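# Understanding the architecture of this molecule
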Amino acid sequence: MLAALLLACGAGAFAHQFHIGFTDLSFNAKTGSLEVVHTFHTDDVDALLANLYQRQFDLSQPEDEAVLRKYIDKQFWIAGAGGRRLPLHWVGVTVGPETVVVYQEIENTTLAQASVVHHDILSDFLADQVNTLNINENGAVRSLSFKRQAIEQPLRPASEGQ
């Protein structure tokens, strides 16, 4: 019985042994907006917020969602020409037992108008966090990888002549 209890307790510690996030960036021709969708492990987001504010959060509550929004706005941004940050608008968040999904958009903006991405969500808290940005441009998908040592990257390779 004791062995089973120890095994059950230990299983929670190994729920996931790696810290990853996925962000999808695409242009929606119907709305004319760049759409950004972030997906993270729920327990990583919970641990971050508890560490920052020393309390538990319920992201279904507007005041708690606002705290997450403030954090995301600080840690993720896209810049256009001249390094000017493009206005990311919060669309919403869905929270499940496994994932937190955050929706943002930049209205009246195409991928061609975006030049640099800053992505530091959770990597300021988790040293081994890796965030993958999937860029869907006209059906072709390419990816960038962001880690604590590389939180800002050009959206296009220098060979494309930004």
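Residues numbered from 1 in each chain as written. Predicted model: local features only at pLDDT ≥ 70, side-chain atom pairs only at ≥ 80, totals over all residues. Heavy atoms only, no water.

When helices and strands are counted, the protein chain shows 3 helices and 9 strands. Element order for the protein chain, N to C, with α for helix and β for strand: α-β-β-α-α-β-β-β-β-β-β-β. A buried classification covers 40% of the 162 residues belonging to the protein chain. Contacts in the protein chain between residues far apart in sequence, at least 24 positions, make up 58% of those at least 6 positions apart. By element, 57% of the accessible surface of the protein chain is carried by carbon and sulfur atoms, the whole surface being about 9,200 Å². (Helix = DSSP H or I, 4+ residues; strand = E, 2+ residues; numbered from the N terminus. Buried < 20%, exposed > 50% of the residue type's maximum accessible area, 1.4 Å probe, protein only. Contact = heavy atoms within 4.5 Å. Areas by Shrake-Rupley, 256 points an atom, 1.4 Å probe, with all protein chains shown as cover.)

With that settled, consider the sheet that holds strand 3 (residues 76-79). Taken in spatial order, the 3 strands of this open sheet run 3-6-9, and their pairing is antiparallel. Edge strands, defined here as strands with exactly one partner in the open sheet, are strand 3 and strand 9 (152-154). Direction aside, the axes of adjacent strands within the sheet are offset by 15° on average. Relative to strand 9, strand 6 (residues 116-119) is paired through 3 bridges, and the arrangement is antiparallel. Looking at strand 9, one finds that Val117 is bridged to Gln153. Its contacts with the sheet place helix 3 (residues 62-75) against strand 3 and strand 6, and it is angled at close to 40° to strand 3. (Pairing = 2+ DSSP bridges. Axes fitted to C-alpha atoms, helices over the stretch in contact; angles between N-to-C directions.)

Further remarks concern the sheet that holds strand 5 (residues 99-106). One open sheet accounts for 6 strands, arranged 4-5-2-1-7-8; its pairing is mixed. The sheet is open, and its two borders are formed by strand 4 (89-95) and strand 8 (140-146), each paired with just one other strand. Between one strand axis and the next, the sheet turns by 15° as a mean value, whatever way the strands run. Taken strand by strand, helix 2 (residues 42-53) contacts strand 2 (33-41), strand 4 and strand 5, and its axis lies near 85° from that of strand 2.

Attention now goes to the nonpolar core. Of all hydrophobic cores here, the largest spans 33 residues; its most connected members are Leu25, Leu68, Ile78, Leu133 and Leu155. Among the secondary structure elements, those contributing two or more residues to this core are strand 2, helix 2, helix 3, strand 3, strand 4, strand 5, strand 7 (130-137) and strand 8. In terms of residue count, helix 3 provides more of this core than any other element does, 4 residues in total. Sequence-distant contacts of Leu25, defined by excluding residues within four places in its chain, comprise Leu34, Glu35, Val36, Ile78, Leu111, Leu133, Asn134, Ile135, Asn136 and Leu155. (Core = buried A, V, L, I, M, F, W, Y, C linked by side-chain atoms within 4.5 Å.)

Moving on, we get to the packing of aromatic side chains. One pass over the full model with this rule turns up 1 aromatic pair. Aromatic side chains Tyr53 and Phe57 sit 5.6 Å apart centroid to centroid with 65° between the ring planes, which places their arrangement in the edge-to-face category. By relative accessible area, Tyr53 is classed as partly exposed at 39%. For the cation-ring pair, Arg55 lies above Phe57, with the distance from its terminal atom to the ring centre recorded as 3.8 Å. (Phe/Tyr/Trp six-rings, centres within 6.5 Å; stacked < 30°, edge-to-face > 60°. Lys NZ or Arg CZ within 6 Å of the ring centre and 35° of its normal.)

Pairing analysis gives 8 bridges linking strand 1 (residues 20-28) to strand 2, with the strands arranged antiparallel. Its bridge partner being in strand 2, Leu25 is matched across the sheet by Val36. A loop of 4 residues connects strand 1 with strand 2, the two strands running antiparallel in sequence, and Gly32 in this loop sits at a positive phi of about 75°. In this structure, strand 2 lies alongside strand 5, joined through 8 bridges in antiparallel fashion. Each residue of the ladder has a partner; that of Phe40, found in strand 5, is Val100.

For the protein chain, per-residue confidence averages 88 on the pLDDT scale, and 86% of positions sit at 70 or higher. Predicted confidence for residues 1-14 stays below pLDDT 50, and this span has 0 contacts to residues more than four positions away or in other chains. (pLDDT = per-residue confidence, 0-100.)

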